[in-house]
Amino acid sequence: MTGANPAAEGSIEASLILTFHGIGPTVRQLDPGEDQVWLSCDAFKRILDAVAGQPRVEITFDDGNASDLEHAVPALRERGLRATFFVLAGRLDEPGALGPADLRQMVREGMEIGSHGMGHSPWRRLDEREASEEIVLPKARLEALVGKPITQAACPFGAYDRRTLALARAAGFEALFTSDGGVARRGQWLRTRNTIHVDDSPATVRQLLRMRPFDLPEWKRRAKTFVKRLR
């Protein structure tokens, strides 16, 4: 998932994790608000150029759109970058979505596959059936398709609560990714990410790169995350 080889940030190893969604022309009707995180190919490549060679940056994708393989993987490969793709197991082979063969090809190209759940439902207030459907079953389905353990998951909509965290740990995930923004400590189990929007630019990413774990805005973000974990 790293954009380059890991490196220490002083005495603290801190990562800036970016989240992308769709890239390039759309081939299906987008969900409400999805157009705000769907980038043109040129905009995506400009941001990749800004982070190439940055050891702190990690790259992720959500939803399992077909553009992941068609546009994102070639651009990553050209720059010597890798990424983790969090896939909706229940949307595989739907129009505009990745299929099982696509996932296997991405693994062969050095990319990582993670779970984004089954049907893009928020991971809050899940009952036992919903927890199995959204957290346990997608993991097993993706593992069967790619032939290797799925050890990472990303919460749809960035939504989670204390029960979600316990369920994800019990399911065997070694890392859970959110959308809380800010910087993440390397090796943390709960890892925060920064969603890239259609109006973001290389300058936006350079500003994010200036964040450090002890900046005041980062402390405020951590306080909000702490409250979410107690819900």
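Here the structure is a predicted model, which means the values were calculated and not measured.

## Let's talk about the layout of surface pockets
A probe as big as a water molecule, rolled over the atoms, marks out the empty space that is left. Computed from the structure, the largest pocket encloses a volume of approximately 340 Å³. As for the largest pocket, its lining consists of 22 residues, of which H21, V37, D63, H120 and F157 are closest to the centre.

## A closer look at helix α3 (residues 100-108)
Helical geometry note: an α-helix holds 3.6 residues per turn, so side chains three or four residues apart project in the same direction. For α3, the full list of buried residues reads P100, L103 and M106. What you see down the axis of α3 is that its buried residues fit within an arc of 120 degrees, all on one side. On its buried face, α3 is in contact with α2 (67-78), β5 (84-87), β6 (112-115) and α4 (128-146). Phi for G110, located one or two positions after α3, is positive at around 90 degrees.

## A short note on the environment of L142
On the secondary structure map, L142 appears in helix α4. Given a relative accessible area of 0%, L142 falls into the buried group. On a C-alpha basis, the gap between L142 and L103 in space is 8.9 Å, while along the polypeptide they are 39 residues apart. Sequence-distant contacts of L142, defined by excluding residues within four places in its chain, comprise V87, A89, L92, L103, G114, S115 and I150.

## Comments concerning the pairing of strand β4 (residues 57-63)
Burial analysis of β4 places seven of its seven residues in the buried class, which makes it a mostly covered element. Pairing analysis gives five bridges linking strand β1 (residues 14-20) to β4, with the strands arranged parallel. By the bridge assignment, L16 is partnered in β4 with V57. Both β4 and β5 contribute to a ladder of four bridges, which runs parallel. In the sheet register, D63 faces β5, and the bridge partner there is V87. Read from β4 through α2 to β5, the crossover connection turns out right-handed.

Thresholds, definitions, all that
- Residues numbered from 1 in each chain as written.
- Predicted model: local features only at pLDDT ≥ 70, side-chain atom pairs only at ≥ 80, totals over all residues.
- Heavy atoms only, no water.
- 1 Å grid on protein atoms, 1.4 Å probe; cavity = no way out; pocket = protein on both sides within 12 Å on 5 of 7 lines; lining within 4 Å.
- Points joined across faces, edges and corners; volume = space filled by probe spheres on them.
- Buried < 20%, exposed > 50% of the residue type's maximum accessible area, 1.4 Å probe, protein only.
- Helix = DSSP H or I, 4+ residues; strand = E, 2+ residues; numbered from the N terminus.
- Arc of directions from axis to C-beta.
- Contact = heavy atoms within 4.5 Å.
- Pairing = 2+ DSSP bridges.
- Right-handed = clockwise from strand over helix to strand, strands pointing away.

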